Amino acid sequence: MRRASAILPPLAIVLALLGAWELAARWDVLADALDIQPFLIPAPSEVAEALWNDWDLLADDAWVTLQEVLAGFALSVGLGAGFAVLLHLSDALRRAFYPLLVASQTIPIIVVAPILVVWFGFGIGPKLAIIALICFFPITVNTLDGLRSVDPDAVKMMRTLDASRAQVLRRLEAPTALPYFFSGAKIAVAVAVIGAVFGEWAGSSEGLGHLMLNASAQLQTARLFAAVVILSVFAIALFGLLSLLERRIAWWGPRAAGPR
Amino acid sequence: MRTVGEAPEKEPLAIQGDDSPGDGGAEAAPGAAIELAGVGHVFGELEVIERLGLRVGEHEVLGLVGPSGCGKSTLLELIAGLRSPTRGSIRIDGESADAERLGRCAYLPQRDLLLPWLTAIDNASLALRNRGASRTHARAWAHPLFERFGLAGFEGARPHELSGGMRQRVAFLRTLLAGKPVLLLDEPFAALDAITRTEMQEWLATALAGEPRTAVLVSHDVEEALYLCDRVVVLSARPAAALAELSAPAPRALPRPEVVTDSTFVATRERALWAMREGTR
């Protein structure tokens, strides 16, 4: 029951918006009044039709993009968590690298993407690089915050219990940071999809981004929108999957070991 | 809930077992003497402890009482080897290096600091795990203690499922299972309500009688210190210095109400309070 009441309001709004859109695009009087051209803004039903009719085409490209997203995200998780642990263990490294990490986020990805394509070619390489560049940051920052949020008294307690530095990290700091890591990973997975499309726009021979460029050139707007729908579904599904994992693995939530 | 590994029934006192996992260090708690000579500590400009000399004998329980913020917790951290004193020396068993002290002390903080992602028994056996015992072995070792200390049946409970008193008991077991000769107790019951606190004081008195250790108990509660300790040192407000020394009037084994209403006990308590008031001025 609670689940239904949580899903119902957003579902109702989405349906209402889709209905309004359908009406505006399909009903000639309204379409004329709003100056809506069918080839610019297809009705939702046309998008659904494109999804159905072009499914084989879309599915092939979607699979390519999904692979890029998953591999790029996995790479970001490894890099992001690794960086966080490294910067946590060494004050000198943190002071040296933290500003650089922040600076890396000010680089406009759209500008860098073509350069990466020149370097790595049309394959999966530049896509992974772009996804990693966008995604490692929220993971690193959140995980580092989590590692540093550990109660200093708990560290003292662990030390009197004969814990080595590595054991403090493994038994105390890492579990404390886990919920923070998940917060970062959830932000990252949503933008990973965007990163993949950027990468494909910069240069590719397959993937949903590539398909969108072609569809756009041929004014196949319905197909373009169908690709967008698939990308959104990817992002939402991956986000949901991570939330589920978080509830299973890191059920104690952030700051659970803190003062009570 | 996961089941606890088969506990060795032949071994009622787990921490005195011979088949110690890891590198041992959990012998029958031989007890160690603590000696502080001319100890002073400064945080930046702030003088926290001023020239303090103390001696705690083997298996003696020493109480340290003083007003809030007088540096009692810092003193425990100094003894435990978590900090080095600015002046003077602290020796446990004649050893003065920080690492040597750290290896001999177990620390029970005011807040239980149980790790929420571990079950009660895994929290209690953290020290065993840190010394390299397998999870099964560590649980088997901790299991009999859960029964002895009134926690039977709660081995698999998560900290948030336990009451304040039970959490503090698990924290005490965690300290005990570290197998160290010295116990440092930093206001262990300050966070509990009055009823639970007196219950826990009785419980700790029994526990210490059954597991004699050299212990230092820090408290701002004079009655608690006099009830639990052999000897109580009254500290002044910051910078902490010893104001008075009182020996506990009654043996700890008696039931608590009899001890704390005894006329000698009451007189000693008043003397301690008076010393504290004078020192705070």
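Residues numbered from 1 in each chain as written. Chains lettered and ligands numbered in written order. Predicted model: local features only at pLDDT ≥ 70, side-chain atom pairs only at ≥ 80, totals over all residues.

Novice: A description of the overall build of chain B should follow, citing residues and the corresponding values.
Specialist: Tallying secondary structure elements over chain B gives 10 helices and nine strands in all. Put simply, chain B has 281 residues, and 45% of those count as buried. For chain B, restricting intrachain contacts to residue pairs at least 6 apart in sequence, the fraction spanning at least 24 positions comes to 73%. (Helix = DSSP H or I, 4+ residues; strand = E, 2+ residues; numbered from the N terminus. Buried ≥ 20, exposed ≤ 12 C-beta atoms within 10 Å, placed from the backbone. Contact = placed C-beta atoms within 7 Å.)

Novice: Summarise the domain arrangement of chain A; cite the residues concerned and give the values.
Specialist: Residues and elements named next belong to chain A. As assigned here, chain A comprises domain 1 (1-36) and domain 2 (40-249). For domain 1 and domain 2, the distance between their C-alpha centroids amounts to 30 Å. Between domain 1 and domain 2, the contact holds six residues from the first and five residues from the second. When its residues are assigned to classes, the side of domain 1 that touches domain 2 shows four nonpolar, no polar and two charged. (Domains from an automatic or database assignment. Nonpolar A, V, L, I, M, F, W, Y, C, P; charged D, E, K, R; others polar.)

Novice: Can you break down the interface of chain A and chain B residue by residue, with the values?
Specialist: Between chain A and chain B, the residue contacts involve 18 residues of the former and 17 residues of the latter. Taken together, the elements giving at least two residues each to the side of chain A that touches chain B come down to α8 (152-160) and α9 (165-202) of chain A. The biggest single contributor to the side of chain A that touches chain B is α8(A), with six residues. Here the residues of the side of chain A that touches chain B sort into 10 nonpolar, two polar and six charged.

Novice: So what about the packing of helix α6 (residues 109-120) of chain A against α9(A)? Which residues, and what values?
Specialist: Helix-helix packing is characterised by the crossing angle of the two axes and by the distance between the axes. Residues and elements named next belong to chain A. At a minimum axis distance of 8 Å, the contact between α6 and α9 shows a crossing angle of 55°. Considering the angle they form, α6 stands oblique to α9. Crossing angle aside, the handedness with which α6 passes α9 is right-handed. Across from Ile109, Ile110, Ala113, Pro114 and Val117 in α6, the residues of α9 making contact are Phe198, Gly199 and Ala202. Looking at side-chain class alone, the contact of α6 with α9 contains seven nonpolar, one polar and no charged residues. (Axes fitted to C-alpha atoms, helices over the stretch in contact; angles between N-to-C directions. Parallel < 35°, antiparallel > 145°, perpendicular 65-115°, else oblique. Left-handed = near helix turned anticlockwise from the far one by under 90°.)

Novice: So what's going on with the sheet that holds strand β7 (residues 214-219) of chain B? Residues and values would help.
Specialist: Note on sheets: strands pair through backbone hydrogen bonds, and any given pair is parallel or antiparallel. Residues and elements named next belong to chain B. Taken in spatial order, the six strands make up an open sheet running β5-β6-β7-β3-β8-β9, and their pairing is mixed. Every interior strand has two partners, whereas the edge strands, β5 (105-108) and β9 (242-247), have only one. When strand polarity is set aside, the average angle formed by the axes of neighbouring strands in this sheet is 15°. Sheet topology note: the β5/strand β6 (residues 182-186) ladder contains four bridges and is parallel. Looking at the pairing, Ala106 lines up with Leu183 of β6. (Pairing = 2+ DSSP bridges.)

Novice: Which residues make up the sheet that holds strand β1 (residues 34-43) of chain B, and what values go with them?
Specialist: All names here are of chain B. The antiparallel open sheet is built from three strands, whose spatial order is β2-β1-β4. Bordering the open sheet on either side are β2 (46-56) and β4 (87-92), each of which pairs with just one other strand. Going from strand to strand, the sheet's axes swing by 20° on average, the running direction of each strand aside. Alignment of β1 against β2, held across seven bridges, turns out to be antiparallel.

Novice: Tell me about helix α10 (residues 208-217) of chain A, residues and numbers included.
Specialist: Residues and elements named next belong to chain A. Residues of α10 that are buried: Leu208, Gly209, His210, Leu211, Met212 and Ala215. Against α4 (55-89), α9 and α11 (221-249) lie the buried residues of α10. Looking one or two residues beyond α10, the residue adopting positive phi is Leu219, at roughly 55°.

Novice: I'd like to hear about the nonpolar core, residue by residue, with values.
Specialist: Counting residues in hydrophobic clusters, the biggest one holds 142 residues, and the most contacted among them are Ile131(A), Ile79(B), Leu184(B), Val216(B) and Val232(B). When near neighbours in sequence (up to four residues on either side) are disregarded, Leu184(B) contacts Leu76(B), Ile79(B), Ala80(B), Cys105(B), Ala106(B), Tyr107(B), Leu108(B) and Val216(B). (Core = buried A, V, L, I, M, F, W, Y, C linked by C-beta atoms within 7 Å.)

Novice: Kindly report on helix α5 (residues 135-148) of chain B, identifying the contributing residues and their values.
Specialist: Residues and elements named next belong to chain B. With 14 residues, α5 should cover 20 Å at 1.5 Å per step; its first-to-last C-alpha distance of 21 Å lies within 8% of that length. By the largest-angle criterion, Ala142 marks the main kink of α5, which is about 25°, and a proline, Pro144, follows within four residues. At its buried positions, α5 is contacted by α3 (120-124), α4 (126-130) and α6 (164-177). Positioned one or two residues after α5, Gly150 has a phi angle of 70°, which is positive. (Expected span 1.5 Å × (residues − 1). Bend = angle between axes of the 7 residues up to and from the residue.)

Novice: Quick rundown of the pairing of strand β3 (residues 61-65) of chain B? Include the residues and the values.
Specialist: All names here are of chain B. In terms of burial, β3 is largely enclosed, as five of its five residues are buried. Both faces of β3 are covered, namely the face carrying Val61, Gly63 and Val65 and the face carrying Leu62 and Leu64. For β3 and β7, the ladder comprises five bridges, and the chain directions are parallel. Looking at β7, one finds that Leu62 is bridged to Val216. As judged from the four bridges shared by β3 and strand β8 (residues 231-235), these two strands associate in the parallel manner. Across the sheet, Gly63 pairs through a bridge with Val232, a residue of β8.

Novice: Can you lay out the environment of Asp35(A) for me, pointing to particular residues and giving the numbers?
Specialist: Residue and element names in this part refer to chain A. Checked against the element boundaries, Asp35 lands in the loop between α2 (28-34) and α3 (44-53). Looking at Asp35, the number of C-beta atoms within 10 Å reads 7, which means it is exposed. For the pair Asp35 and Ala24, spaced 11 residues apart in sequence, the C-alpha separation works out to 9.8 Å.

Novice: Give me the confidence of the model for chain B: which residues, what numbers.
Specialist: Residues and elements named next belong to chain B. Taken over all residues, the pLDDT of chain B has a mean of 78, while the share at 70 or more is 86%. Counted against residues more than four places away or in other chains, residues 1-28, with its pLDDT under 50, gives 40 contacts. With pTM at 0.79, the complex prediction returns an ipTM value of 0.76. (pLDDT = per-residue confidence, 0-100.)

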